[in-house]
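Chain residues, written in single-letter form:
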Amino acid sequence: MYTAAGQPDRDQLVQRFVPLVKRIAYHLMARLPASVQFEDLVQNGMLGLLDAMDRYETGFGAQFETYATQRIRGAMLDGLRENDWLPRNLRRELRRIEAAINQLEHEHGRAPSERELAEALGMSLADYQKTLHDARGHQLVYFDDFGSEGDEDFLERHFTDNSADPASIFEDKNVKELLVKAIGRLPEREKLMMALYYEQELNLREIGEVMGVTESRVCQLHSQAIARLRSQLVGDVSLAKKRGKEKTGG
């Protein structure tokens, strides 16, 4: 059924983009613990799709799909945040890891090794790596929290702004530049893993085959890489904010 203007009706549009919602959910599931249900991601993603349809006014072609992808993914991440599925003690350990990364990088002028981080945290290497593995998914959900402790999430600020275009968030020049620089400072192995995952879109098992390590090890490397990026971005953004205030006399 079509509307008087010749556009497909709402039900048809929903059915047309359901595969997009499921595709995004499958991609996220690869980075999340088994306790997260695929159906819950899809349900939240559908809310994001409906929201995108309500906001978008210039047709439903390729540009809409780009717009809707960010809304759908954002809605899924919002649902994960609200459920707060990560234990508090593990969340504290991840904050400790990020703080240790930041401290050691400043002291040595380079990215610290896993063994150096484990020693700084008073943990065995095995316990440190287990913490990284247990954190699977956490860094994905909270990666966009570029602010300091107590600030609301970066994406949260934009997705709750009715006038904001989610796609424009990822086109922000400053954020992109900071992210590119942070990725460039990663150890080569982690940089390769990030490229295989985010650029080549390989899953963890496939990345493990390319790198000659287990899927579990890839998971650890991913959590550690995101921890490094968060640590660097939080510092870079804080510095940028400070410089901005100095320029404006704030």
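Everything numeric here is computed off the predicted structure, so don't read it as measured data. (Residues numbered from 1 in each chain as written. Predicted model: local features only at pLDDT ≥ 70, side-chain atom pairs only at ≥ 80, totals over all residues. Heavy atoms only, no water.)

## Regarding the overall build of the protein chain
Here comes step 1: Helix and strand content of the protein chain: 13 helices and zero strands.
Here comes step 2: The secondary structure elements of the protein chain, listed N-terminal to C-terminal, are α-α-α-α-α-α-α-α-α-α-α-α-α.
Here comes step 3: Within the span of the protein chain, comprising 250 residues, buried residues form 45% of the whole.
Here comes step 4: Counting contacts in the protein chain only where the partners sit at least 6 residues apart, residues at least 24 apart contribute 66% of the total.
Here comes step 5: Put simply, the protein chain shows about 13700 Å² of open surface, and 50% of that area lies on carbon and sulfur atoms. (Helix = DSSP H or I, 4+ residues; strand = E, 2+ residues; numbered from the N terminus. Buried < 20%, exposed > 50% of the residue type's maximum accessible area, 1.4 Å probe, protein only. Contact = heavy atoms within 4.5 Å. Areas by Shrake-Rupley, 256 points an atom, 1.4 Å probe, with all protein chains shown as cover.)

## Looking at the packing of helix α11 (residues 188-199) against helix α12 (residues 204-211)
Here comes step 1: Relative orientation of the contacting elements α11 and α12 amounts to 135°, with a least axis distance of 10 Å. If you check the angle between α11 and α12, you find them oblique. In the crossing of α11 with α12, the sense of the turn from one axis to the other is right-handed. Listed contacts from α12 to Arg-189, Leu-192, Met-193, Leu-196 and Tyr-197 of α11 are Leu-204, Ile-207, Val-210 and Met-211.
Here comes step 2: Class assignment for the residues of the contact of α11 with α12 results in eight nonpolar, no polar and one charged. (Axes fitted to C-alpha atoms, helices over the stretch in contact; angles between N-to-C directions. Parallel < 35°, antiparallel > 145°, perpendicular 65-115°, else oblique. Left-handed = near helix turned anticlockwise from the far one by under 90°. Nonpolar A, V, L, I, M, F, W, Y, C, P; charged D, E, K, R; others polar.)

## Let's talk about the nonpolar core
Here comes step 1: Counting residues in each nonpolar core, the largest one holds 26 residues, and the members touching the most others are Leu-41, Leu-49, Phe-64, Ile-72 and Met-76.
Here comes step 2: Sorting elements by how many residues they give to this core places helix α1 (residues 10-29) first, with nine residues.
Here comes step 3: Filtering out sequence-adjacent residues up to four positions away, Leu-41 remains in contact with Ala-25, Leu-28, Met-29, Leu-32, Val-36, Met-76 and Leu-80.
Here comes step 4: Core analysis: the second largest hydrophobic core is formed by 17 residues, Met-193, Met-194, Ala-225 and Ile-226 among them. (Core = buried A, V, L, I, M, F, W, Y, C linked by side-chain atoms within 4.5 Å.)

## Concerning the side chain of Glu-114
Here comes step 1: Considering the arrangement of structural elements, one finds Glu-114 in helix α5 (residues 114-120).
Here comes step 2: Judged by its relative accessible area of 13%, Glu-114 falls in the buried class.
Here comes step 3: Other than its neighbours up to four places away in sequence, Glu-114 contacts Leu-125, Tyr-128, Gln-129, Leu-132, Arg-217 and Gln-224.

## Quick look at the confidence of the model for the protein chain
Here comes step 1: The pLDDT averaged across the protein chain works out to 76; a share of 70% of its residues lies at or above 70.
Here comes step 2: For the protein chain, per-element mean pLDDT is lowest for helix α8 (residues 154-159), which scores 39, and highest for α5, which scores 96.
Here comes step 3: Across residues 144-171, where pLDDT falls below 50, the model places 51 contacts with residues more than four positions away in sequence or in other chains. (pLDDT = per-residue confidence, 0-100.)

## Observations concerning the pattern of salt bridges
Here comes step 1: For the structure on display, the rule yields 12 salt bridges.
Here comes step 2: Note that Arg-23 is salt-bridged to Glu-65, the shortest N-O span being 3.5 Å. Taken together, the residues Arg-23 in helix α1 and Glu-65 in helix α3 (residues 62-83) connect sequence positions 42 residues apart.
Here comes step 3: Among the ionic pairs, Glu-98 bridges to Arg-95, the shortest N-O distance being 3.7 Å. (Salt bridge = Lys/Arg side-chain N within 4 Å of Asp/Glu carboxyl O.)

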